[in-house]
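Residue strings, one per chain:
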Amino acid sequence: MESAGQLDVVGIGNAPDAAAGEHPLDVVGIGNAMVDVLLRADEAVVTELGIVKGAMTLVDTRRAVELSALVQMLGGADEMTPGGSVANTMLGIAALGGSAGYMGRVCDDPLGDLFVSDMVGHRVEHATARAPADDPTGRCTVVITPDGERTMSTYLGASAGFAPADVDWSMVARARTVLLEGYLWDPTAARAALREVAEHCAAPGNDCQVALSLSDSLCVERHRREFIDMVDRCTNVLFANAAELKALYETDDLDEALAAVQGRVDIASVTLSAAGAVLVTPDEVVNVPVEPVDEVVDRTGAGDLYAAGVLYGLTQGYDLERCGRLGSVAAAEVISHVGTRPLVPLDELAADLI
């Protein structure tokens, strides 16, 4: 892999050679294939669950059953939508008019059927074999509090079984960029698969770029050493929020964290909540303002859709300011309502920027 700073930003749109007769894909994502169960509730529910507000907590089968019972006791889910962080990003890229593919393991069960049909229905290619019936599709119970914050309890289910054998190398060969989900670092076999893909793409002669999402600050705490290694050796584009970046470099000072990442990757995209975002290259820092919304209803998927806008812009060869604006437009749309699916066509919202 070329050292940080050597790649021209617009070069991220140079596609590798695709197999004969196959179209290239702007971005291929690999992540935890989940079904999001969205529940609007007050702060007391978060306290009762005993989990960290705004964070993602992994749960086992017993806990997943308890959460399902709780949701039913509270009147049922407000929405049940196929998702997962990187899956949401791929759907956002497709909604902006890009071409996207996805690898993520689901079961041959009703939730798995829902996931696959939803991805295909939104023009995202899906290429992972189904898990057996005794390995159920994962789900993420998302409690949305009145301030729009989301607290996630994640049962990985079948998604945790993703392994090197599940990698569709023909899809990787067609990708301009491969986006890897930090959450998938927890299962050992999945981590090995992501490393194999990253090292393949970063090898000399391969043009596919590697993007990495840090996913969650607790995830960073669990895998800091490996994430730093991935950032330094194999990553072209890094996605993080302020808390995740500070956790990565073990500092409470955002400026120190930004200085630490600058020059280690070609682009670091760091979201700052209400303060917008910054795009950091070895040579500059581009400030990205937030796109105004009338009301923040649900922050679920905001970072995922922001990444979609940035990645779509990069694969089209847009300048950094435009990439950041695309991300802000996509994020603003999704936080204005419950759920991670845009209710307004993103390509129409972003028409003036495309």
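Keep in mind that what you see is a predicted model, and the values were worked out from it rather than measured.

Student: Is there a simple way to explain the overall build of the protein chain in this structure?
Tutor: On a plain count of helices and strands, the protein chain comes out with twelve helices and 14 strands. Its C-alpha atoms put the protein chain at 55 × 40 × 40 Å along the principal axes. A fraction of 75% describes how many contacts in the protein chain between residues 6 or more apart in sequence connect residues 24 or more apart. Summing over all exposed atoms, the protein chain offers an accessible surface of approximately 13900 Å²; the carbon and sulfur share of this is 50%. Computed over 23 positive and 54 negative side-chain charges, the separation of the two mean positions in the protein chain equals 4 Å.

Student: Where do I start with the packing of helix α10 (residues 302–315) against helix α11 (residues 320–335) in this structure?
Tutor: Each pair of packed helices gets described by two things: the angle between the helix axes and the distance between those axes. At a minimum axis separation of 7 Å, α10 and α11 run at an interaxial angle of 150 degrees. It follows from the interaxial angle that α10 and α11 lie roughly antiparallel. As for how α10 packs across α11, the hand of that crossing is right-handed. For the pair α10 and α11, contact is made by Ala302, Leu305, Tyr306, Gly309, Val310, Tyr312, Gly313 and Leu314 and by Leu320, Cys323, Gly324, Leu326, Gly327, Ser328, Ala330, Ala331, Val334 and Ile335, respectively. For the contact of α10 with α11, the residue count by class is 13 nonpolar, five polar and no charged.

Student: Sorry if this is basic, but what is going on with the packing of helix α3 (residues 85–95) against α10 here?
Tutor: The N-to-C vectors of α3 and α10 enclose an angle of 50 degrees; their axes lie 8 Å apart at closest approach. By the angle class used here, α3 and α10 are oblique. The chirality of how α3 crosses α10 is right-handed. For the pair formed by α3 and α10, the contact residues are Ser85, Asn88, Thr89, Gly92 and Ile93 on the first element and Asp304, Leu305, Ala307, Ala308, Leu311 and Tyr312 on the second.

Student: I tried to follow the sheet that holds strand β5 (residues 100–103) on my own but got confused; where do I start?
Tutor: Backbone-to-backbone hydrogen bonds join strands into a sheet, with any given pair of strands oriented parallel or antiparallel. Taken in spatial order, the nine strands line up as β6-β5-β1-β9-β10-β11-β12-β13-β14 in an open sheet, and their pairing is mixed. In this open sheet, the two edge strands, each paired with only one partner strand, are β6 (124–126) and β14 (285–288). Averaged over all pairs of adjacent strands, the angle between their axes in this sheet comes to 20 degrees, without regard to strand direction. One ladder, built from five bridges, connects strand β11 (residues 237–241) with strand β12 (residues 267–271); its direction is parallel. Paired with Asn241 across the two strands is Thr271, which belongs to β12. Where helix α7 (residues 217–234) meets the sheet, its contacts fall on β9 (175–181), β10 (209–213) and β11, and the angle it forms with β10 comes to roughly 155 degrees.

Student: Would you mind showing me how to read the sheet that holds strand β2 (residues 34–40) here?
Tutor: The strand order across the open sheet formed by five strands is β3-β8-β7-β2-β4, and the pairing between neighbours is mixed. The sheet is open, and its two borders are formed by β3 (56–58) and β4 (79–83), each paired with just one other strand. Adjacent strand axes in the sheet meet at a mean angle of 25 degrees, parallel and antiparallel pairs treated alike. Here three bridges tie β3 to strand β8 (residues 150–155), and the two strands are oriented parallel to one another. Its bridge partner lying in β8, Met56 is registered against Met152.

Student: Got a minute to help me understand the pairing of β9 in this structure?
Tutor: Regular strands place side chains that alternate from one sheet face to the opposite one. In terms of residue burial, β9 counts as a mostly covered element, since seven of its seven residues are buried. Relative to β10, β9 runs parallel, the two sharing five bridges. Bridge pairing in β10 places Thr177 opposite Gln209. Note that the unit made of β9, helix α6 (residues 188–202) and β10 has a crossover that is right-handed.

Student: I would appreciate a short explanation of the environment of Arg150 in the present structure.
Tutor: Structurally, Arg150 can be placed in strand β8. Sequence separation between Arg150 and Thr300 is 150 residues; the distance between their C-alpha atoms is 6.0 Å. Not counting the four nearest positions on each side in its chain, Arg150 is found in contact with Gly54, Ala55, Val142, Val143, Arg299, Thr300 and Gly301.

Student: So what exactly am I meant to see when it comes to a nonpolar patch on the surface here?
Tutor: Taken together, the side chains of Leu343, Val344 and Leu349 make up a nonpolar region of the molecular surface, amounting to roughly 270 Å² of accessible area. Turning to its location among the elements, Leu343 is positioned in the loop between α11 and α12 (346–349).

Student: Sorry, what's going on with the pattern of salt bridges here?
Tutor: Pairing of side chains with opposite charge becomes possible as their charged atoms draw close. Taken as a whole and assessed by the stated rule, the structure comprises 21 salt bridges. Here Glu199 ties to Arg195 by a salt bridge, and the two come within 3.9 Å at their closest N and O atoms. Placement of the pair is Glu199 and Arg195 together in helix α6, with a separation of four residues, close to one helical turn. Residue classification places Glu199 among the partly exposed residues on the basis of a relative accessible area of 36%. Put simply, Arg264 and Asp232 hold a salt bridge, and the shortest N to O gap is 3.0 Å.

Student: Please clarify how the packing of aromatic side chains should be interpreted in this entry.
Tutor: The description of an aromatic ring pair uses the distance of the two centres, along with the angle that the planes make with each other. Scanning the entire structure with this criterion turns up three aromatic pairs. Relative to Phe115, the ring of Tyr102 lies with its centre 5.8 Å away and its plane at 45 degrees, an arrangement referred to as tilted. Of the two residues, Tyr102 sits in strand β5 while Phe115 sits in helix α4 (residues 110–121), which places them 13 residues apart along the sequence. You'll find Tyr102 and Phe115 in the same group, each marked buried. The interplanar angle of 75 degrees and the centroid separation of 6.4 Å between the aromatic rings of Tyr312 and Tyr318 together place this pair among those described as edge-to-face.

Definitions and limits used
Residues numbered from 1 in each chain as written. Predicted model: local features only at pLDDT ≥ 70, side-chain atom pairs only at ≥ 80, totals over all residues. Heavy atoms only, no water. Helix = DSSP H or I, 4+ residues; strand = E, 2+ residues; numbered from the N terminus. Contact = heavy atoms within 4.5 Å. Areas by Shrake-Rupley, 256 points an atom, 1.4 Å probe, with all protein chains shown as cover. Lys, Arg positive; Asp, Glu negative; His and termini not counted. Charge placed at Lys NZ, Arg CZ, Asp CG, Glu CD. Axes fitted to C-alpha atoms, helices over the stretch in contact; angles between N-to-C directions. Parallel < 35°, antiparallel > 145°, perpendicular 65-115°, else oblique. Left-handed = near helix turned anticlockwise from the far one by under 90°. Nonpolar A, V, L, I, M, F, W, Y, C, P; charged D, E, K, R; others polar. Pairing = 2+ DSSP bridges. Buried < 20%, exposed > 50% of the residue type's maximum accessible area, 1.4 Å probe, protein only. Right-handed = clockwise from strand over helix to strand, strands pointing away. Patch = residues over 30% accessible without salt bridge, like charges linked within 9 Å, V, L, I, M, F, W, Y side chains within 5 Å. Salt bridge = Lys/Arg side-chain N within 4 Å of Asp/Glu carboxyl O. Phe/Tyr/Trp six-rings, centres within 6.5 Å; stacked < 30°, edge-to-face > 60°.

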